[in-house]
Each structure stands twice: as structure tokens, then as C-alpha cells.
Amino acid sequence: MQTPYYLLEEEKLEYNLQLLDYIQKQSGARILLALKGFAFSGSADLVSKYLQGCCASGLYEAKYAKELFKKEVHTYSPAFKEEEIDEILSLSNHIVFNSFSQLKKYKKKAKEVKVSIGLRINPEVSASPKEIYNPCGVYSRLGITKKNFKDDELADVEGFHFHALCEQGADELEEVIKAFEEKFGEYFKNLKWINFGGGHHITKEGYNVEKLMRLIKEFKQKYDVEVYLEPGEAVGWQSGVLVATVLDIVENGMKIAILDISAEAHMPDTIIMPYRSEVRGAKEAGVLSHTYRLAGNTCLAGDIIGDYSFEEPLKIGDKVLFEDQIHYTIVKNTTFNGIKLPNLLLKRKNGDIEVVKEFGYEEYKRRN
Ligand SMILES: *Cc1c(COP(=O)(O)O)cnc(C)c1O
């Protein structure tokens, strides 16, 4: 198989989906896939078998959700455009507005087509590890703060939505819920649903699933509302690899392996988070006998994936497998510097491997 490619393993994805489904059944929560983090057309049917649908951040994700997943579509956007709102409403079950001005502007249309209206709230607590991924940071544009809340404009609002977490546990969720209740709890009695957003690291080993289910059950009982969760990362978590080939090895103070992928174009969180991907068979630099800097095949100096050590020397032509590369990678890919987009491959449960998408020069030409 020609590299580069992402290989999603159905069996691993289904393991995540089954855990999420268990939570739905035990707690009564309804779980949606956040397409922002994980969109892989070849796995839509499998996701639809377990989850209630998708949450979308605008017209294109809403369309994709409707076409491929054929279940519920919940759309939130920091701001909706006039020329898109009718189509978005025609595709959506829930629509979540980010401000009272957006609510005012579009609520009549939403009511006419019976789309359930919600507001995104900023509970102003979050322990998000990185500011770029902190929806409740200073000057955040995401959600309505207590200060900007207008309790005389809630007439048609059926739900509240918050999204305050990023790769976090049930303890952090508990803190957010507490602040959310303290600030906005008096309005819950008139609502039909509350959406707890994403950022729940549910499928990561050690996540306190029992506590999550207890929090949901207690909340549902107390306020008599539907509770939604919309994880992205937790759905695609550890469900596949990005496979690259060593093109050359150069030396400048250390050995540097040039791969046929790019950190910038294919795994941007290695640069912006920054985050370190695991490499199969490799350890931290200096641990095993042969250390290399793994770097991308673009002309960006900073296109560096990281330093890793291997038992055996790397050779030109060797394959390098980056673990857990299915979420927040494919959805962010670019054709920067004319580098090839990795193909999308799917490993079925019976072991068959299917090519879901092949990308070539056309992608670059069409976009530039
Ligand atoms: C990003 C995002 C999600 C998904 O977050 P994960 O960290 O991938 O679980 C859910 N809802 C909203 C509004 C988001 O912006």
C-alpha cells in the first residue's frame, strides 16, 4: 500500500462506540458525534448504529451529518449567516445560538420549521490545559456569560448548551456543572434539554465512567431534562494510525529522518498543542539505541514531528506508524506546500482493508 495513509480500524472504533452506548443505556443520556473532531465517511454507518446523530458547527457539517449519518443533527455556530440559515434549519433538529442577538435574528424562522432552539452558555469555569483549546478563557467569544444573560428573552428557548472541557475527566465535568447550576440553574425548569458539550475523555483508560453516569442521572432527575453529550475525540480515540515512509536520512548534529508526511499538514496538533504522537516500536529520544528526529517533507523549517529512538537503525523505505491519528487530523488536513493528502483506509472487522478516499494532485489544484 502506497503511503501516506490513515488506517481506521473498525474494531477499535466499535469498542469506543459500545462504551458510549453503555453510558447512554445506563444513564439515559443521548450521545452525538462532534464532527469537528472526527469525520470519516467510511465509518458513518457504524457510528449511526450506536449514537443518536451528530453535532455540526455550520452548514457543511450539518449537510454531511444528514447525508451520511441519517440521524439527529444539532447545529451550533459562533454566528450563523443569513444566506445559510434556511438550509441549516431544514437539516437540523436542534439549533444553538451563541448570543441573544443571533437568537433574536433567527428564532422566528427556527420556530416556523419547529427546530428546537437552544443557547450556548459560558459557565466561565474550565480547567482546559491549553488556552487555544479553552472555550471559557478570557475574552472567549464562545457562549453567553452571566453578565450578558437576558432572562426576559427566553420565551422560545428549549435548551442550554455548554462546552467547557478539553480532554478532561468526570471530576472536571462536576465542577463545570456546579458553576453552571449556580449561575443559571433557576432557568432549567423551563427547558427540555441541556447539552453538556464535548471534551469528555470517556474512552481513555482510567476515565471515571461510573461518575459520569451518576452526574447525568442526578442531573436528569433533578431538572427533568434530556441530557446530551457531544464528544468528538472520545469517539475516534485510539482507533487507528497514520502510516508514513522514510524517504531519506540526513545528519546535522543528529540524525533526521525525512518522511512522506507533514506535521503541519497532517498532524497539526504536534505543532500547536504541542502534542507528541506515539510511534509504534519507538520510545523517547535516547532510550533505545538509535535516535532520530522525525520530520516532514515540506520546506517549513518547523515541520517536525518529534525526536524518537528505535531499537534498530531506520532505513530508507521503512514504514513509520503514528498511533492514534484519526481524530483532529483528517478534519484539519491541508495541501500545504503541495504535499499529498494521506489516503483514507478502513480496516473491516474481518480484516479486509478498503480504500475509502484517494487523494492526488487534483486536490491541490482545485484548492489553489
Ligand atoms: C470541539 C467541540 C466538541 C467536541 O470536543 P471533543 O474535545 O472532541 O470531545 C463538542 N462540542 C463543541 C461545541 C465543540 O466545539
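Right, let's talk about the overall build of the chain for a bit. Along the backbone of the chain there are 11 helices and 18 strands. Here the chain has a C-alpha radius of gyration of 22 Å; the compact-globule value for 368 residues is 21 Å, and the two agree. Across its three principal axes, the chain shows a C-alpha extent of roughly 65 × 45 × 40 Å. A buried classification covers 54% of the 368 residues belonging to the chain. Taking contacts inside the chain between residues at least 6 apart in sequence as the whole, the part at least 24 apart equals 67%. Within the structure as shown, the chain displays about 17400 Å² of accessible surface, and the carbon and sulfur contribution to it stands at 48%. Seen as two clouds, the 49 positive and the 56 negative side-chain charges of the chain have centres 4 Å apart.

It is worth spelling out the pairing of strand β5 (residues 72–76) at this point. Here β5 lies mainly inside the structure; five of its five residues are buried. Across the two faces of β5 the burial is the same, with E72, H74 and Y76 and V73 and T75 all buried. Sheet analysis places strand β4 (residues 53–56) next to β5, joined by four bridges and oriented parallel. The residue bridging C55 from the neighbouring strand is H74, located in β5. Once you follow β4 into helix α3 (residues 59–69) and on to β5, the crossover reads as right-handed. Here three bridges tie β5 to strand β6 (residues 94–97), and the two strands are oriented parallel to one another. The residue of β6 that forms the bridge with Y76 is V96. The parallel pair β5 and β6, bridged by helix α4 (residues 82–91), forms a crossover whose chirality is right-handed.

This part covers the nonpolar core. I95, F160, F196, F219, L259, L294 and F322 are the most contacted members of the largest nonpolar core, which has 96 residues in total. For this core, the element with the highest residue contribution is helix α7 (residues 209–223), accounting for seven residues. Three or more residues apiece are contributed to this core by two domains, here domain 1 (10–236) and domain 2 (240–325 + 333–366). Leaving out residues up to four positions away in the same chain, F160 has contacts with L119, I121, F149, L154, F180, F184, Y187, F188, L191, W193, I194 and N195. If you look at the next biggest cluster of nonpolar residues, it comprises eight residues, including A34, C55, V96 and W193.

Let's shift gears to the packing of helix α6 (residues 170–184) against α7. Here α6 crosses α7 at 20°, and the two axes come no closer than 9 Å. Classified by the angle between their axes, α6 and α7 sit roughly parallel to one another. Like other packed secondary-structure pairs, α6 and α7 cross with a definite hand, here left-handed. Two secondary-structure elements touch here, α6 through A170, D171, L173, E174, I177, F180 and E181 and α7 through K211, L212, L215, F219, K222 and Y223. When the residues that make up the contact of α6 with α7 are grouped by side-chain class, the tally is eight nonpolar, no polar and five charged.

Turning our attention to the site of the ligand. Within the structure, the ligand sits among A34, K36, R120, H161, H163, G198, G199, E230, P231, G232, E233 and Y328. Between the ligand and K36 there is a distance of 2.8 Å, counted from an oxygen atom to a side-chain nitrogen or oxygen. Interatomic distance of 2.8 Å between a backbone N/O atom of E233 and an oxygen atom of the ligand. Protein chains bury 91% of the 380 Å² of accessible surface belonging to the ligand in isolation.

On to a nonpolar patch on the surface. On the surface, I132, I271, I272, L300 and F336 cluster together into a nonpolar patch covering about 390 Å² of accessible area. One can find I271 in helix α10 (residues 269–272). For I271, a relative accessible area of 33% puts it in the partly exposed group.

Attention now moves to the domain arrangement of the chain. Often the size quoted for an interface is simply the accessible area lost on bringing the parts together. Looking at the assigned domains, one finds that the chain contains domain 1 (10–236) and domain 2 (240–325 + 333–366). On a C-alpha basis, the centres of domain 1 and domain 2 stand 33 Å from each other. Each side of the interface is counted separately: domain 1 has 11 residues, and domain 2 has 13 residues. Both faces combined, the contact of domain 1 with domain 2 buries some 1200 Å², and carbon together with sulfur accounts for 56% of it. Sorting the residues of domain 1 by area buried against domain 2 places E10, F40 and Y133 first, and these three jointly supply 45% of that buried surface. At the junction of domain 1 with domain 2, the criterion picks out two salt bridges. Residue E10 pairs with R348 through a salt bridge whose shortest N-O separation is 2.5 Å.

With respect to the helices, strands and loops of the structure, G302 is situated in the loop between β14 (290–295) and β15 (304–310). What makes G302 partly exposed here is its relative accessible area of 38%. For the pair G302 and M254, spaced 48 residues apart in sequence, the C-alpha separation works out to 16 Å.

Conventions used here
Residues numbered from 1 in each chain as written. Predicted model: local features only at pLDDT ≥ 70, side-chain atom pairs only at ≥ 80, totals over all residues. Heavy atoms only, no water. Helix = DSSP H or I, 4+ residues; strand = E, 2+ residues; numbered from the N terminus. Rg over C-alpha atoms; globule rule 2.2 N^0.38 Å. Buried < 20%, exposed > 50% of the residue type's maximum accessible area, 1.4 Å probe, protein only. Contact = heavy atoms within 4.5 Å. Areas by Shrake-Rupley, 256 points an atom, 1.4 Å probe, with all protein chains shown as cover. Lys, Arg positive; Asp, Glu negative; His and termini not counted. Charge placed at Lys NZ, Arg CZ, Asp CG, Glu CD. Pairing = 2+ DSSP bridges. Right-handed = clockwise from strand over helix to strand, strands pointing away. Core = buried A, V, L, I, M, F, W, Y, C linked by side-chain atoms within 4.5 Å. Domains from an automatic or database assignment. Axes fitted to C-alpha atoms, helices over the stretch in contact; angles between N-to-C directions. Parallel < 35°, antiparallel > 145°, perpendicular 65-115°, else oblique. Left-handed = near helix turned anticlockwise from the far one by under 90°. Nonpolar A, V, L, I, M, F, W, Y, C, P; charged D, E, K, R; others polar. Near = heavy atom within 4 Å. Polar contact = N/O pair within 3.5 Å; in protein donor to acceptor, adjacent residues only side chain to side chain. Patch = residues over 30% accessible without salt bridge, like charges linked within 9 Å, V, L, I, M, F, W, Y side chains within 5 Å. Salt bridge = Lys/Arg side-chain N within 4 Å of Asp/Glu carboxyl O. Buried area = accessible area lost by both parts, 1.4 Å probe.

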